[in-house]
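# Close look at the chain arrangement
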Amino acid sequence: MKILVGYKRVVDYNVRVQVRPDGSGVVTDGVKQSPNPFDEIALEEALRLRDKGVATEVVVVSIAPSDAQAHLRNALAMGANRAIHIVSDQPVQPLTVARTLLKLIEQEQPDLVILGKQAIDDDANQTGQMLATLWGRPQATFASKIDINGDKATVVREVDAGLETLEVELPAVVTTDLRLNEPRFIKLPDIMKAKSKPLQTITFADVAAEGGETLKITHYAPPPKRSRGVMVKDAAELVAALKQKGLL
């Protein structure tokens, strides 16, 4: 079994994001960037399936600028067998990502695709669902447990009402939730081994599908600053203040 894992690079979750003065995007120069946390969980799950003998190969893929080699070496150090870097210097939207991954799937023929349920930079939560639809294969989103038995996968997923268990036929697309696992710590010997693992570079034009971007982002803006709190003497004054602001 071959597992394909999406592995996006994002601004580190510990960094306070700043909007550029001209509103054209967020500041990334000199800012720490890290793997999307949900994608690290997806990779960890693929590696655990391989460790159990369920899978034989784990391939990570990232659509990222040309300077993202270290990002993919991180995935190889975690334990991925090989990496594919689709070079794109421009941000891509979820539908474009899904179309691009479909082109790669046609070449790689994986038995399972595991993606993070969403990326923390846009929180779109769309790529996995779009990919499954374009591919014409089953999907199981927000997975908190994955079991593979032959040509079927049993996935426990988190929903508003609790937990739901799905059985899907492979190949399929699974997206991971936070409680699926805890990614492993990367050791120094693994970092050294990653330097010799295969890392294939592909230009975005070679796998880009027709259609292009369908949405245009016109402006970025930070959330409004919170106003200072107001002390009131009693409940009547509170009600009057809320009425003045049109909240009651």
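Above this note sits the structure.
For clarity, every value in this text was computed on a predicted model and none was experimentally measured.

### Observations regarding helix 3 (residues 94–108)
Taking 1.5 Å of rise per residue, 15 residues should cover 21 Å, and helix 3 covers 20 Å from first to last C-alpha, within 8% of that figure. Pro94, Thr96, Val97, Ala98, Thr100, Leu101, Leu102, Leu104, Ile105 and Glu108 are the residues of helix 3 that are buried. Just downstream of helix 3, Gln109 is the residue with a positive phi angle, here 55°.

### Some details on helix 2 (residues 69–78)
Helical periodicity: at 3.6 residues per turn, an α-helix aligns residues three or four positions apart in one direction. Along helix 2, the residues that are buried comprise His71, Leu72, Ala75, Leu76, Ala77 and Met78. A positive phi of about 140° marks Gly79, the residue just after helix 2.

### Examining the side chain of Ser144
By secondary structure assignment, the location of Ser144 is in strand 7 (residues 139–149). With relative accessibility at 15%, the residue Ser144 sits in the buried group. Beyond its immediate sequence surroundings of up to four residues, Ser144 is in contact with Val156, Arg157, Glu158, Leu163, Arg179 and Leu180.

### A closer look at the pairing of strand 7
The pairing of strand 7 with strand 10 (residues 172–176) spans three bridges and is parallel. From the neighbouring strand, Ala143 faces strand 10, where its bridge partner is Thr176. Strand direction decides the pairing type here: strand 7 and strand 8 (residues 152–159), joined by six bridges, are antiparallel. Bridge assignment links Ile148 to a residue of strand 8, and that residue is Ala153. Counting the residues between successive antiparallel strands, the hairpin from strand 7 to strand 8 contains two residues, one of them, Gly150, with a positive phi of roughly 65°.

### So, the packing of helix 1 (residues 37–51) against helix 2
Close contact between helix 1 and helix 2 brings their axes to 10 Å; oriented N to C, the two are set at 30°. The interaxial crossing formed by helix 1 with helix 2 has right-handed handedness. Listed contacts from helix 2 to Glu40, Leu43, Glu44 and Leu47 of helix 1 are Asn74, Ala75 and Met78. Of the residues belonging to the contact of helix 1 with helix 2, the class tally is four nonpolar, one polar and two charged.

### Things to note about a nonpolar patch on the surface
The grouping of Leu188, Ile191 and Met192 at the surface amounts to a nonpolar patch, some 300 Å² of accessible area in total. With respect to the secondary-structure elements, Leu188 resides in helix 5 (residues 188–194). Judged by relative accessible area, Leu188 falls into the exposed class, the value being 59%.

### What to know about the packing of helix 3 against helix 4 (residues 127–135)
Helices that pack against each other are described as a pair by the angle of their axes relative to one another and the distance between those axes. One can describe the packing of helix 3 onto helix 4 by two numbers: an axis separation of 8 Å at closest approach and a directional angle of 45°. Classified by the angle between their axes, helix 3 and helix 4 sit oblique to one another. In this structure, helix 3 crosses over helix 4, and the sense of that crossing is right-handed. Here helix 3 contributes Pro94, Leu95, Val97, Ala98, Arg99, Leu101, Leu102 and Ile105 to the contact with helix 4, which in turn contributes Thr127, Met130, Leu131, Leu134 and Trp135.

### Considerations on the pattern of salt bridges
Taken as a whole, this structure holds 16 salt bridges when the rule is applied. In this structure, Asp122 engages Lys8 in a salt bridge whose closest nitrogen and oxygen atoms are separated by 3.8 Å. Of this pair, Asp122 sits in the loop between strand 6 (112–116) and helix 4 while Lys8 sits in the loop between strand 1 (2–6) and strand 2 (9–11); the two residues are 114 residues apart in sequence, bridging distant segments of the chain. Residue classification places Asp122 among the partly exposed positions, given a relative accessible area of 40%. A salt bridge links Glu44 to Arg48, with the shortest nitrogen-to-oxygen separation between them at 2.7 Å. In this pair, Glu44 and Arg48 are both assigned in helix 1, four residues apart and thus about one turn of the helix distant. Classification of Glu44 as buried rests on a relative accessible area of 3%. Members of the salt-bridge network, linked through shared partners, are Glu44, Arg48, Arg50, Asp51 and Arg184.

Each value, and the rule that gives it
- Residues numbered from 1 in each chain as written.
- Predicted model: local features only at pLDDT ≥ 70, side-chain atom pairs only at ≥ 80, totals over all residues.
- Heavy atoms only, no water.
- Helix = DSSP H or I, 4+ residues; strand = E, 2+ residues; numbered from the N terminus.
- Expected span 1.5 Å × (residues − 1).
- Buried < 20%, exposed > 50% of the residue type's maximum accessible area, 1.4 Å probe, protein only.
- Contact = heavy atoms within 4.5 Å.
- Pairing = 2+ DSSP bridges.
- Axes fitted to C-alpha atoms, helices over the stretch in contact; angles between N-to-C directions.
- Left-handed = near helix turned anticlockwise from the far one by under 90°.
- Nonpolar A, V, L, I, M, F, W, Y, C, P; charged D, E, K, R; others polar.
- Patch = residues over 30% accessible without salt bridge, like charges linked within 9 Å, V, L, I, M, F, W, Y side chains within 5 Å.
- Areas by Shrake-Rupley, 256 points an atom, 1.4 Å probe, with all protein chains shown as cover.
- Salt bridge = Lys/Arg side-chain N within 4 Å of Asp/Glu carboxyl O.
- Parallel < 35°, antiparallel > 145°, perpendicular 65-115°, else oblique.

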